[in-house]
Amino acid sequence: MRIALVGGTGELGEGLAFRLGRDTGFELTIGSRDQRKASECAEAYRRELRRHDVDRRMDAATNESAAAEATVVVLSVPPYYVTETVEAIEPALDSETVLVSPAVGMSGHDDGVRYNPPPAGSVTELVVETAPDDVPVVGAFTNVPGARIADLDERIEIDTPVVGDSSAAKEVVIDVVSELDGIRAVDAGPLSNAAAVEAITPFLITLAQQNEGFVDLGVKFV
């Protein structure tokens, strides 16, 4: 299986590249609108993995080329780039592609961060509206703190709710997550639950802002 981290040069893309590179045997492609930036980041990620005694191949490509070769495509881009990114890679998507959306719409206020979903109801549902009808969309990695998982020296124990209307697509994503040390996938039901899952992220950020010692929070269901 090949996983493409579209927009994989950002914080979440970096963290997922490190964890997928260290913990799994999946083929990985770092995607970017800029081929050169993708190549530079892929090389930097490989160097960091070698520092942890992991010698790992990691390919680099434009977003569309990365998506064309992948079974799982993770949209590791900010929410305001989701629509244009999906439209850009649309020719590379088909019914055999699982499109994963981790982005969350948020806005900052004096008293913290608030959930700011698009008119579609959630960013995940916006992806559904934008992607071709036959491409299954799954919401995952939504509440995973990118900076925290990028630190391979830190042991983590967090959950990621997984939402989607295709049981087969959700199972693919859950199987991928099951390979990651310290991250557990939890089936969170259909896409209609995406807004509830996404809303957790700004709440976690607000908790971290308001409470000393809370940094890069995740969730764990017990």
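This text goes with the structure placed above it.
A brief structural summary. Throughout, a residue's number is its position along its own chain's written sequence, starting from 1. Selection of residues for local features in this predicted model requires a pLDDT of at least 70, selection of side-chain atom pairs for listing and counting requires 80 or more, and totals for whole chains, interfaces and linings are taken over all residues. Excluded from the side-chain calculation are hydrogens and water; included are all heavy atoms of the structure.

### With respect to helix H7 (residues 167–178)
The first and last C-alpha atoms of H7 sit 16 Å apart over 12 residues, in line with the 16 Å expected at 1.5 Å per residue. Relative accessibility decides the category of a residue: with a 1.4 Å probe and only protein chains considered, values under 20% of the type maximum give buried, values over 50% give exposed, and everything between is partly exposed. Counting from the N terminus, the helices are DSSP H or I runs at least four residues long and the strands are E runs at least two residues long. Within the span of H7, buried status applies to Ala 169, Lys 170, Val 173, Ile 174, Val 176 and Val 177. Projected down its long axis, H7 carries its buried residues within an arc of 155 degrees, all on one side. Facing away from the buried side of H7, by more than 90 degrees, are the exposed residues Ser 167, Ala 168 and Ser 178. Helices are assigned an expected span. That span is 1.5 Å times one less than the residue count. As used here, the arc is the angular range of directions from the helix axis to the C-beta atoms.

### Notes on the nonpolar core
Among buried residues, those of type Ala, Val, Leu, Ile, Met, Phe, Trp, Tyr and Cys that are joined through side-chain atoms within 4.5 Å constitute a nonpolar core. Counting 38 residues, the largest nonpolar core has Ile 3 and Leu 20 as the members making the most contacts within it. Any two residues whose heavy atoms approach within 4.5 Å at even a single point are treated as in contact. Ignoring sequence-local partners within four residues, the contact set of Ile 3 consists of Leu 20, Phe 26, Glu 27, Leu 28, Thr 29, Ala 70, Val 72, Val 74 and Val 176. Formed by 21 residues, the second largest nonpolar core is a distinct cluster that contains Ala 61, Ala 103, Val 123 and Val 135.

### Some points on the side chain of Lys 170
As for its position among the elements, Lys 170 is in helix H7. By relative accessible area, which is 8% here, Lys 170 ends up buried. Residues within four places of Lys 170 in sequence aside, it is in contact with Val 138, Val 162, Val 163, Gly 164, Asp 187 and Gly 189.

### Some details on empty space enclosed by the protein
Buried and open spaces are told apart on a 1 Å grid over the protein atoms alone, a cavity being a set of points where a 1.4 Å probe fits but cannot get out and a pocket being an open set with protein on both sides within 12 Å along at least five of seven lines. Residues with an atom within 4 Å of a point are the lining residues. Grid points are joined across faces, edges and corners, and a volume is the space filled by probe spheres set on the points. In this structure the tally under the stated criterion is 1 cavity of 30 Å³ or more. In terms of lining residues, the largest cavity is bounded by Ile 3, Leu 20, Val 72, Val 74, Val 100, Phe 141, Val 173 and Val 176. Elements with a minimum of two residues in the lining of the largest cavity: strand E4 (72–75) and H7.

### Some thoughts on the pattern of salt bridges
By convention in these notes, a salt bridge is any Lys or Arg side-chain nitrogen within 4 Å of a carboxyl oxygen on Asp or Glu. Taken as a whole and assessed by the stated rule, the structure comprises 14 salt bridges. Two residues, Arg 36 and Glu 40, come together in a salt bridge whose shortest N-O distance is 3.3 Å. Remark: Glu 40 and Arg 36 occur in helix H2 (residues 35–51); sequence separation between them is 4 residues, near one turn of the helix. The residue Asp 159 makes a salt bridge to Lys 220 at a minimum N-O spacing of 3.3 Å. Highlighted residues: Asp 159 in strand E9 (residues 158–164) and Lys 220 in the segment after helix H9 (200–210), separated in sequence by 61 residues. Residue classification places Lys 220 among the partly exposed positions, given a relative accessible area of 35%.

### A short note on the layout of surface pockets
Estimates place the volume of the largest pocket at around 810 Å³. Lining the largest pocket are 36 residues, and of these Glu 11, Leu 12, Ser 76, Val 77 and Pro 78 sit closest to its centre. Of all elements in the fold, only helix H1 (11–23), helix H4 (82–89), helix H6 (146–149) and H9 reach the threshold of two or more residues within the lining of the largest pocket. If you tally residues by element for the lining of the largest pocket, the top one is H9, at 4 residues.

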